[in-house]
Amino acid sequence: MLQYPGTTGAVRDLRAEIAAAHEAGALAIVCADLLSLVMLTPPGEMGADVVVGSAQRFGVPMGFGGPHAGFFATREAFKRQMPGRLVGVSQDAAGNPALRLALQTREQHIRREKATSNICTAQVLLAVMAGMYAVWHGPEGLRRIARRVHLQARLLAGAAVRAGFTLRHPAFFDTLTLDGDDAAALAGRASAAGFNFRALPDGGVSVALDETVTREELGQLAGLLGAPLLDAAAGVPEALVRTSRVLTAPVFSAYHAEHEMLRYLKRLEDRDVALNRSMIPLGSCTMKLNATAEMVPVSWPGFADIHPFAPAEQTRGYLTLIERLSGWLCQVTGFAAVSLQPNAGSQGEYAGLLAIRAFHASRGEAQRDVCLIPSSAHGTNPASAVMAGYRVVVTGCDRDGNVDLADLRAKAAQHEGRLAALMVTYPSTHGVFEEGIRDICEVVHRHGGQVYMDGANMNAQVGLTSPASIGADVCHLNLHKTFCIPHGGGGPGIGPIGVAAHLAPFLPNHPMRPDVGPASGFGPVSAAPFGSAGILPISYAYIRMMGAAGLRRATTVAILNANYMAARLRPHYPVLYAGAQGLVAHECILDCRGFQAEAGVGVEDIAKRLQDYGFHAPTMSWPVTGTLMIEPTESESRAEIDRFCDAMIAIRAEVAAIAAGTLDRADNPLKHAPHTMGEAAAADWPHAYPREQAVFPLPFVRAAKYWPPVKRVDNAHGDRNLVCTCPPMEDYAQAAD
Amino acid sequence: MDGHFDPLAELGALENADGFVSRHVAPSETEIAAMLREVGAASLDDLAAKAVPAAIRGAPDAMDLPPAADEVAVLAELRGLAGQNECKRSLIGQGYYGTHVPPVIGRNILENPGWYTAYTPYQAEIAQGRLEALLNFQTMVCDLTSMPIANASLLDEATATAEAMTMARGVGPAPADPRRAGDPRGAARRPDHGRGAGRRGGDRRRQALRRRAAIPRHHGRRP
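A quick note: this is a predicted structure, and the numbers were derived from the prediction, not measured.

**Q** Which residues make up the interface of chain A and chain B, and what values do they have?
**A** Across the contact, 245 residues belong to chain A and 156 residues belong to chain B. Both sides together, the interface formed by chain A and chain B hides about 18200 Å², and carbon and sulfur atoms give 65% of it. On the chain A side of the interface with chain B, the three residues burying the most area are Glu76, Arg544 and Met545 of chain A, jointly 4% of the side's total. Viewed at the interface, chain B and chain A are joined by eight salt bridges. Notably, a salt bridge pairs glutamate 29 of chain B with arginine 553 of chain A, separated by 3.0 Å at the nearest N-O pair. Across the chain A-chain B interface, the total number found is 69 residue pairs in polar contact (both at pLDDT 80 or more). Per element, the largest residue contribution to the side of chain A that touches chain B is 23 residues, and it comes from helix H15 (residues 536–569) of chain A. By residue class, the composition of the side of chain A that touches chain B is 136 nonpolar, 65 polar and 44 charged. One ladder, built from two bridges, connects strand S9 (residues 195–196) of chain A with strand S1 (residues 89–90) of chain B; its direction is parallel. Bridge pairing links phenylalanine 195 of chain A to arginine 89 of chain B in S1 of chain B.

Structure follows, in structure tokens:
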């Protein structure tokens, strides 16, 4: 594993080391800085097998540590082992080019035992920003930015040498490390002048330049060193100057005028369904309101422009916010301590499971490594458990999706001395408040295990019950579900964990910030001490504006909305699972399995048909194959819920019409959904049902029609013909012919 | 003199400190009443009592949180907190750098609900916009690193590094790559397909794309 450039700025030729690694049968992983690669020989040309890094400096604010998009690039040979989501080009049912997530079978929710990592949430919004930064600046703009930053560094290096400092690394891109008698005092002088330098433990000092540094500031920096800006030091050695071109795809050269860019962004936005168009009733994902007032502070400089390793006295506002929010989350969960460090629910799981391991080890029971997981669990659970070094033992569920207590007792007893933890979701993944949850926790505790609660369904608990009162020892919260951080099209997220007092000494900490987390903690799970601190103001604002009564009302209305929806749809669809009182929790599951035999219709057909009505589908085939799981949240009005139910009922009528023979079994609006504007307007309409039924199936659709931009996407085609970068335009044109 | 009129209490009511609750929780009192009838509950409390098992039901005042404040007050409070952070020019590096968010991107993506409220693009047909934006990201990463394939982001640099380590462990020794030895891979493997492509014929361009995109010959089915 090699850093390029190094953390103190060194630019080295990595070829020999990479060759040596290969010689020894090892892979070479290079952690690289994207901006430097505009000018430096790229790791791929040096033989690297994996290149990782952060795209933060491509137009994403520092935000006291995040969120930012990490990147991961590798060789073709490893594409099936590569973690994370991969977008690829495929085609739709009409043969037109269409994009979709490629090789999805790698993902943990699809195929647990073959998952390549436990990551669910990525950083889509931030990756989109970084990609658009490249689109906006283009190859010329990026080269100018990189060369400017590099020249600033060279000028400053020249001044440093003139002032008597030694450059620790004569070859550098943007970061200088200075040694000399005066170096230790330099950081202090810089601070007084409004600059944060990095003082190294060995007495040296590092200065990393970036595109925000102005000519005046560069002059001030030279003044701090004690010499004028007169000559430029060498910087990047000749042998490491990049010769290959960058950003050659047309998209990076097409949108430099702002009008063009504005319209490109608008065009892309208009192709998508987001919450500002219609409800997104995804079960277990809690797509509630992300209020504008909650979002506004995220872009304020006082939150956006703070470096995660800035001196603590410069970040008092953040530290106060973090302390208050942590306290409030303790109130919500009933726990003693909270860590905000994990960047996603999956990372929260990982952190919580490591805390449990550390707890057992502290009691001389390091052999406890069995993690019980009910068969109904989120796919992330076993993936996290495996990553945290546990042996997964699956326990059964009864017909209603509840944990099979007898099987749990048997498995807990069988693994008595090895039992480390149980991972359980509450309310259950089937959307039910299980009556037996207390007993479940008690069984695990009696056999020496700890209870990990998956907080995905926390939106049904807040103010009514809590993980602590249920009997859990640790849980993660999804701030991007229950506490209003937007999903961002697939990230960011925050997955803090709450723990009971006995686990508090084992929360994550951070080597760069000894004041963060307990000294006895197991280490960090994120790069930054407080994870994605830059979006914590969202959850802070939400809790602050709701108060305890408001949060409790939100939970109750979420349950009401789900039960109202279940009541409206029950005459048309079998509603699976309910609690003892016949009620669901905050989501409900519709059984569509009978439609296959009745009309040849699967859940995917229903999901695609909903797009013709302008809706995003509910969660499909999870936790039960052939079903739809619907979670309306408290933020949907009765009118919007009714609109969605009307669509579902109309679709059910179409299924019935197919079964009755009124609609053709193969040529019907469900099988051909979604319908595009292009086919609706074409002279030729080849179907046995009218155009109007295809595109305006209910009156409300006509009032604000959303046109799906492509027909149903062929996933298999794309996986057989994997293309995961922008093809040249000519190829799109040829494919369309 | 109206003895019943308490102007301060009246003022408090008019200030509507918990006004945000009814913005976030969408159904009105009338709608809630109608929906409660539909599901057979007398009140929201009755519904909660029916849905949540008695053994785990918490007291209504179990959470000790500050009273609700309105949007204006909370934004002012947060502005105060932001003001307690000092924006010095941080030249600390270590993976975090000052950067200018281009205003056209800040306002139209970061601050735009059309982008930030969308879900993960599993329903591809209605996610073509952000899928294209992510394809741009992947292409940019491939170009700059000179690697053939890149994913659509991971959580942060440290996690990406840990994932790389895990993957390296999983795949075992590096398989032989005929292009590796002494071949500056970028130049050989990635002919510029964009603006320079005009010099090449369509077939060669297609081959270039195919090479770059690694189309496996027998992927998914046996030959």
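Okay, back to it.
**Q** Please give an account of a nonpolar patch on the surface that cites residues and values.
**A** All names here are of chain A. On the surface, a cluster of nonpolar side chains totalling about 230 Å² of accessible area is made up of Val386, Val392 and Val394. With respect to the element layout, valine 392 can be found in strand S14 (residues 391–395). Valine 392 gets classed as partly exposed once you look at its relative accessible area, which sits at 30%.

**Q** Describe the packing of helix H3 (residues 124–162) of chain A against helix H5 (residues 215–225) of chain A, and please don't skip the residues or the numbers.
**A** Each pair of packed helices can be described by the angle between their axes along with the distance between the axes. Residue and element names in this part refer to chain A. Where H3 meets H5, the axes come as close as 9 Å, and the angle between the chain directions of the two elements is 20°. As the angle between them shows, H3 and H5 are arranged roughly parallel. Like other packed secondary-structure pairs, H3 and H5 cross with a definite hand, here right-handed. Listed contacts from H5 to Gln152, Leu155, Leu156, Ala159 and Ala160 of H3 are Leu218, Leu221, Ala222 and Leu225. Split into classes, the residues belonging to the contact of H3 with H5 amount to eight nonpolar, one polar and no charged.

**Q** Quick rundown of the packing of aromatic side chains? Include the residues and the values.
**A** Each aromatic ring pair is specified by the distance between its two centres and by the angle formed by the two planes. In total, this model carries 17 aromatic pairs over all chains according to the counting rule given. Centre to centre, the rings of phenylalanine 58 of chain A and tyrosine 133 of chain A are 5.1 Å apart; their planes meet at 35°, and the pair counts as tilted. On the criterion of sequence distance, the pair formed by phenylalanine 58 of chain A in the loop between strand S3 (50–54) and strand S4 (70–74) and tyrosine 133 of chain A in helix H3 is long-range, its members being 75 residues apart. Each member of the pair, phenylalanine 58 of chain A as well as tyrosine 133 of chain A, is classed as buried. Ring-pair connections join several aromatic residues into one group, and the members of that group are Phe64, Trp300, Phe303, Tyr318 and Phe530 of chain A. Here arginine 57 of chain A stacks its cationic end above the ring of tyrosine 97 of chain B, 3.8 Å away from the centre of that ring.

**Q** I'd like a rundown of the confidence of the model for chain B, residues and numbers included.
**A** Residues and elements named next belong to chain B. The predicted model of chain B averages 82 in pLDDT, with 76% of residues at 70 or higher. Considering only residues more than four positions removed or in separate chains, one finds that residues 178–223, a stretch of pLDDT under 50, has 83 contacts. Predicted as a complex, the structure gets a pTM of 0.93 and an ipTM equal to 0.97.

**Q** Explain the pairing of strand S20 (residues 588–591) of chain A residue by residue, including any values.
**A** Residue and element names in this part refer to chain A. Side chains Cys588 and Leu590 project from S20 onto one buried face, and the interleaved Ile589 and Asp591 project onto a second face that is buried too. Pairing of strand S19 (residues 575–576) with S20, which is carried by two bridges, proceeds in the antiparallel orientation. For valine 575, the partnering residue across the bridge sits in S20 and is leucine 590. Relative to strand S22 (residues 627–630), S20 is paired through four bridges, and the arrangement is antiparallel. By the bridge assignment, aspartate 591 is partnered in S22 with threonine 627.

**Q** Give a description of the nonpolar core that names residues and reports values.
**A** Soluble, globular proteins show a tendency: their nonpolar side chains are buried together. With 248 residues, the main nonpolar core has Met132, Phe197 and Leu221 of chain A together with Met140 of chain B as its most contacted residues. Element by element, the count of residues in this core is highest for H3 of chain A, at 21 residues. If we ignore the near neighbours within four places in the chain, the residues touching methionine 140 of chain B are Leu34, Phe58, Ala130, Gly131, Ala134, Leu247 and Phe252 of chain A. Counting 25 residues, the second largest nonpolar core, distinct from the first, contains Ala358, Ile373, Val474 and Ile497 of chain A.

**Q** If you had to explain the sheet that holds strand S6 (residues 97–101) of chain A to someone new, which residues and values would you point to?
**A** Residues and elements named next belong to chain A. Across the sheet, which stays open at both edges, the three strands sit in the order S6-S5-S23 with antiparallel pairing between neighbours. Edge positions in the sheet fall to S6 and strand S23 (713–714), since each of these pairs with one other strand and no more. When strand S5 (residues 87–92) meets S23, the two strands line up antiparallel, connected through two bridges. Its bridge partner lying in S23, aspartate 92 is registered against valine 713.

**Q** So what's going on with empty space enclosed by the protein? Which residues, and what values?
**A** Tallying each qualifying case throughout the model produces nine cavities of 30 Å³ or more. Taken as a whole, the largest cavity holds about 180 Å³ of empty space. Taken together, 21 residues form the lining of the largest cavity, with Pro67, Leu126, Val298 and Ile535 of chain A together with Leu110 of chain B sitting closest to its centre. For the lining of the largest cavity, the secondary structure elements donating two or more residues are H3 and helix H8 (301–304) of chain A. In terms of residue count, the dominant contributor to the lining of the largest cavity is H3 of chain A (three residues).

**Q** Which residues make up unusual backbone geometry, and what are the values?
**A** All names here are of chain A. With an omega dihedral of 20°, the bond running from glycine 491 to proline 492 counts as a cis peptide bond. For proline 492, the location among the structural elements is in the loop between strand S17 (474–476) and strand S18 (497–499). Cis rather than trans, the peptide bond between alanine 673 and proline 674 has omega equal to -5°. Within the secondary structure layout, proline 674 lies in the loop between helix H18 (638–660) and helix H19 (677–681). The phi torsion at serine 284 lies on the positive side, around 75°, for a residue other than glycine. Secondary-structure assignment places serine 284 in the loop between helix H6 (258–270) and helix H7 (292–295). Notably, tyrosine 577 is not glycine yet its phi reads approximately 65°, a positive angle. By the element assignment, tyrosine 577 lies in the loop between S19 and S20. Overall, tyrosine 577 belongs to the buried group, its relative accessible area being 16%.

Parameters and conventions
Residues numbered from 1 in each chain as written. Chains lettered and ligands numbered in written order. Predicted model: local features only at pLDDT ≥ 70, side-chain atom pairs only at ≥ 80, totals over all residues. Heavy atoms only, no water. Contact = heavy atoms within 4.5 Å. Buried area = accessible area lost by both parts, 1.4 Å probe. Salt bridge = Lys/Arg side-chain N within 4 Å of Asp/Glu carboxyl O. Polar contact = N/O pair within 3.5 Å; in protein donor to acceptor, adjacent residues only side chain to side chain. Helix = DSSP H or I, 4+ residues; strand = E, 2+ residues; numbered from the N terminus. Nonpolar A, V, L, I, M, F, W, Y, C, P; charged D, E, K, R; others polar. Pairing = 2+ DSSP bridges. Patch = residues over 30% accessible without salt bridge, like charges linked within 9 Å, V, L, I, M, F, W, Y side chains within 5 Å. Areas by Shrake-Rupley, 256 points an atom, 1.4 Å probe, with all protein chains shown as cover. Buried < 20%, exposed > 50% of the residue type's maximum accessible area, 1.4 Å probe, protein only. Axes fitted to C-alpha atoms, helices over the stretch in contact; angles between N-to-C directions. Parallel < 35°, antiparallel > 145°, perpendicular 65-115°, else oblique. Left-handed = near helix turned anticlockwise from the far one by under 90°. Phe/Tyr/Trp six-rings, centres within 6.5 Å; stacked < 30°, edge-to-face > 60°. Lys NZ or Arg CZ within 6 Å of the ring centre and 35° of its normal. pLDDT = per-residue confidence, 0-100. Core = buried A, V, L, I, M, F, W, Y, C linked by side-chain atoms within 4.5 Å. 1 Å grid on protein atoms, 1.4 Å probe; cavity = no way out; pocket = protein on both sides within 12 Å on 5 of 7 lines; lining within 4 Å. Points joined across faces, edges and corners; volume = space filled by probe spheres on them.

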